[in-house]
Amino acid sequence: MDIILALKEKAKEGKFHIIKREKNLDFIRMFRLNKRKISELIQKITIDDFCYRTLDREYEKRGPSSLIVIKREYELINYLGINDRICVYIKYKEVENGQSVPIISFHSDETNE
């Protein structure tokens, strides 16, 4: 699927940014993630992880586009050094070529908690 390949390519180039939301920041701190590690996690996404694509309902805030939702299980080490198998919920805005991909959600999937 082209949208998955496009995200992976942007991540490989470092052309993405995580929106500074409390859930995202808490998750990143909990698992001591940095941009390089997040890029590596994104590279592991497959078409099987794709959940759905929808229109962005916050058009005024972010402009017209589609939002893509992905869920993928990862083995991550938390800040205590304990391995956790966790389903990560990733929602990002589809962008034009050359633009940085805004990742709106990057945190544990709340439906699995």
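Higher on the page you've got the structure.
Residues numbered from 1 in each chain as written. Predicted model: local features only at pLDDT ≥ 70, side-chain atom pairs only at ≥ 80, totals over all residues. Heavy atoms only, no water.

*Asks:* Explain the sheet that holds strand S2 (residues 50–55) here, please?
*Replies:* Backbone hydrogen bonds are what pair the strands of a sheet, in a parallel or an antiparallel way. With mixed pairing, five strands are arranged side by side in an open sheet as S1-S5-S4-S3-S2. Of all the strands in the sheet, just strand S1 (16–18) and S2 have a single pairing partner and so form its edges. Geometrically, the sheet is characterised by an average inter-axis angle of 30° between neighbouring strands, direction not taken into account. Bridging between S1 and strand S5 (residues 101–108) involves three bridges; their strand directions are parallel. Among the inter-strand pairings, His 17 is bridged to a residue of S5, identified as Pro 102. The strands touched by helix H2 (residues 22–30) within the sheet are S1, strand S3 (66–77), strand S4 (83–93) and S5, with S5 carrying the most contacts at an inclination of about 65°. (Pairing = 2+ DSSP bridges. Helix = DSSP H or I, 4+ residues; strand = E, 2+ residues; numbered from the N terminus. Axes fitted to C-alpha atoms, helices over the stretch in contact; angles between N-to-C directions. Contact = heavy atoms within 4.5 Å.)

*Asks:* What's the story with the packing of aromatic side chains in this structure? I'm lost.
*Replies:* The geometry of two aromatic rings is summed up by the distance between their centres and the angle between their planes. Under the counting rule described, the total for this entry stands at two aromatic pairs. Ring geometry for Phe 27 and Phe 106: centres 5.9 Å apart, planes at 70°, overall edge-to-face. With Phe 27 in helix H2 and Phe 106 in strand S5, this residue pair connects regions lying 79 residues apart in the sequence. Phe 27 gets classed as buried once you look at its relative accessible area, which sits at 5%. Aromatic ring contacts, followed pair by pair, group Phe 27, Phe 31 and Phe 106 into a single cluster. (Phe/Tyr/Trp six-rings, centres within 6.5 Å; stacked < 30°, edge-to-face > 60°. Buried < 20%, exposed > 50% of the residue type's maximum accessible area, 1.4 Å probe, protein only.)

*Asks:* Would you mind going over the pattern of salt bridges with me for this structure?
*Replies:* Oppositely charged side chains can form a pair if their charged atoms are brought close together. Within this structure, the stated rule accounts for nine salt bridges. Glu 40 is paired through a salt bridge with Arg 36; the nearest N and O atoms lie 2.5 Å apart. Linking Glu 40 with Arg 36, this pair stays in helix H3 (residues 35–43), spanning four residues, or about one helical turn. Judged by its relative accessible area of 32%, Glu 40 falls in the partly exposed class. (Salt bridge = Lys/Arg side-chain N within 4 Å of Asp/Glu carboxyl O.)

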